[in-house]
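Listed here are the chains, written in short residue letters.
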Amino acid sequence: MAKIISISNQKGGVGKTTTAVNLSASLAVTEKRVLLVDFDPQGNATSGIGIAKNGSNASIYQVIIKHKNLKEVIKDTELSFLKTVPSTIDLIGAELELIDDPAREVRLRDALKDVVTDFDYIIIDCPPSLSLLTLNALTAANSVIIPLQCEYYALEGLSQLMKTVDLIKKSLNPSLEIEGILLTMFDPRNNLAHQVAQEVKTHFVERVFKTVIPRNVRLSESPSFGKPVILYDVTSKGASSYMELANEIILKN
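In short, a report on the structure. (Residues numbered from 1 in each chain as written. Predicted model: local features only at pLDDT ≥ 70, side-chain atom pairs only at ≥ 80, totals over all residues. Heavy atoms only, no water.)

Things to note about the environment of serine 8
Just so we agree on the cut-off: In DSSP terms, a helix is any run of H or I states spanning at least four residues, a strand is any run of E spanning at least two, and both are numbered starting from the N terminus. Residue contacts are counted whenever heavy atoms from the two residues lie within 4.5 Å of one another.
Looking at the secondary structure, you find serine 8 in the loop between β1 (3-7) and α1 (16-29). In this structure, the C-alpha to C-alpha distance between serine 8 and aspartate 125, residues 117 residues apart in sequence, is 7.0 Å. With residues up to four places along the chain from it excluded, the contact list for serine 8 reads Lys16, Cys126, Thr134, Leu138, Val144, Ile145, Ile146, Pro147 and Leu161.

Quick notes on the packing of aromatic side chains
So the rule is basically this: When the centres of two rings from Phe, Tyr and Trp lie within 6.5 Å, Trp using its six-membered ring, the rings pair. Their planes under 30 degrees apart give stacked, over 60 give edge-to-face, and anything left gives tilted.
Going through the model one piece at a time under the given rule, you end up with one aromatic pair. Plain terms: the ring middles of phenylalanine 225 and tyrosine 232 are 4.9 Å apart, the flat faces sit at 25 degrees to each other, and that makes the pair stacked.

Things to note about the side chain of threonine 77
Inclusion rule: Note on exposure labels: buried denotes an accessible area under 20% of the residue type's maximum, exposed denotes more than 50%, and partly exposed covers the range between, all computed with a 1.4 Å probe on protein chains only. N or O atoms closer than or at 3.5 Å make up a polar contact, with two conditions inside protein: a donor-capable atom paired with an acceptor-capable one, and, for residues adjacent in sequence, both atoms drawn from side chains.
Position of threonine 77 relative to the elements: it lies in the loop between β3 (75-76) and β4 (82-85). Judged by relative accessible area, threonine 77 falls into the buried class, the value being 18%. Among the polar contacts listed, one links the side chain of threonine 77 to the backbone oxygen of leucine 82, at a separation of 2.8 Å. Non-local contacts of threonine 77, meaning those with residues more than four positions away in its chain, are made with Ile49, Leu82, Lys83 and Thr84.

Considering the side chain of aspartate 101
Summarising the element assignment, aspartate 101 is placed in the loop between α5 (92-97) and α6 (107-112). On the basis of relative accessibility, which here comes to 15%, the residue aspartate 101 falls in the buried class. From its side chain, aspartate 101 meets the backbone nitrogen of alanine 103 in a polar contact 2.8 Å long. Polar side-chain contacts of aspartate 101 include one of 2.4 Å to the side chain of arginine 107.

So, in structure tokens, the structure goes:
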């Protein structure tokens, strides 16, 4: 039975998609069966894993509006243990199309039931907003990873996301847990980065992952080549840090 983990933060540019792609790849390298679901209309996880964003009918949008079964849209990747469900810009329309559906918050949860026994981990890349799509992802998930950039406004909006998680626990998904807060884009030469990291660890103590993701050129370059960093440059700090995160999650679960 798969553990379903959503990667979520309503702020953009915090390393959310980078984490979804590279955590998925790192788990797959350890021979865990992984499904990466791109649930962001921007489709950056789709292109970042090496699949063209071409408006194909085989996408998560087709699943959410019930034109296709999830198994019909799963695609292979370069890693034998990693499969993916691509996204397209069409997904933007799903929120409007589902607005009158009384079960609109559980469309993704229901779709994943068909494949939950086929994988060890299902990783969902959420859009950078607290939208119906994000609500679907958190309702479907067992837990949520919150990437947090080590910069001045890092904590802004985090309390709102925590409140959203609490509301979803009360109303739609009582078993939802916070898998952890992941510090990203950490620059050890920057005093502010150290201050932010310390503040987060002080406030959230056991909820912060031991692994910290550094600023890394190879990590930034890899999406433009359609590869997770572990396939682009396995010796990079970015690759080793996401392997550490994968191992931390495996040991925890």
